[in-house]
Amino acid sequence: QVQLVESGGGLVQAGGSLRLSCAASGRPFTMGWFRQAPGKEREFVAGVKWIGGNTAYADSVKGRFTISRDYAKNTLYLQLKSLKPEDTAVYYCASTNRIRTGITSRSDDYEYWGQGTQVTVSS
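Throughout what follows, the structure given in this document is the object of discussion.

Attention shifts here to the packing of aromatic side chains. Counting across every chain of the model gives 5 aromatic pairs. Arranged with centres 5.5 Å apart and planes meeting at 75°, the rings of Phe34 and Phe44 form a pair that is edge-to-face. Taken as a pair, Phe34 in strand S4 (residues 30-36) and Phe44 in strand S5 (residues 43-49) lie far apart in primary sequence, 10 residues in all. When sorted by exposure, Phe34 lands in the same class as Phe44, which is buried. Each residue in the set Phe34, Phe44, Tyr110 and Trp113 is aromatic and connected to the rest through ring pairs, giving one cluster. Here the guanidinium or amino end of Arg42 rests over the ring plane of Tyr92, the centre of that ring lying 3.8 Å away. When the ring centre of Trp113 is taken as origin, the NZ or CZ atom of Arg42, which lies over that ring, is 4.8 Å away.

In spatial order, the strands read S1-S3-S8-S7; together these 4 strands make up an open sheet with antiparallel pairing. In the strand order of this sheet, the two ends are held by strand S1 (4-7) and strand S7 (65-70), each with one partner. When strand polarity is set aside, the average angle formed by the axes of neighbouring strands in this sheet is 15°.

Moving on: the nonpolar core. Residues Met31, Trp33, Val45, Phe65, Leu76, Leu78 and Tyr91 are the most contacted members of the largest nonpolar core, which totals 27 residues. Those elements giving two or more residues to this core turn out to be strand S3 (18-24), S4, S5, S7, strand S8 (75-80), strand S9 (89-96) and strand S11 (117-122).

Here we take up the pairing of S9. The element S9 is extensively covered by neighbouring structure, given that 7 of its 8 residues are classed as buried. As judged from the 7 bridges shared by S4 and S9, these two strands associate in the antiparallel manner. When the bridges of S9 are listed, Phe34 appears paired with Tyr92. With 3 bridges connecting them, S9 and S11 associate as antiparallel partners. Looking across to S11, one finds that Val90 is bridged to Gln118. Pairing geometry for S9 and strand S10 (residues 112-113), over 2 bridges, is antiparallel. Residue pairing in the sheet places Ala94 in a bridge with Trp113 of S10.

Rules behind the numbers
- Residues numbered from 1 in each chain as written.
- Predicted model: local features only at pLDDT ≥ 70, side-chain atom pairs only at ≥ 80, totals over all residues.
- Heavy atoms only, no water.
- Phe/Tyr/Trp six-rings, centres within 6.5 Å; stacked < 30°, edge-to-face > 60°.
- Helix = DSSP H or I, 4+ residues; strand = E, 2+ residues; numbered from the N terminus.
- Buried < 20%, exposed > 50% of the residue type's maximum accessible area, 1.4 Å probe, protein only.
- Lys NZ or Arg CZ within 6 Å of the ring centre and 35° of its normal.
- Pairing = 2+ DSSP bridges.
- Axes fitted to C-alpha atoms, helices over the stretch in contact; angles between N-to-C directions.
- Core = buried A, V, L, I, M, F, W, Y, C linked by side-chain atoms within 4.5 Å.

Structure (structure tokens):
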């Protein structure tokens, strides 16, 4: 069973920054970040193709968040900048070996999930 462990969440003021990390036990074809705010459905944030590094972002975070990966260390990152209160959520790392081409934003396509890390942005 692939294990994913997130870290880096915390409490920040609006306009601040955070860097989230996800330590993975394998090298899936695609890895991504999702988030779930209180009372809302889980939504796709960003994804990356492990080999090649192609990325995809939700419209709500384009220009503010950056996804990257360290191939040698099997580690996924999400740099969050210009944070807004509406970014407050539990952020989850996920991976899948099912999709060989492209980056899927469908939660059901991801096989493995971390336990999440809380990001709270105050006004």
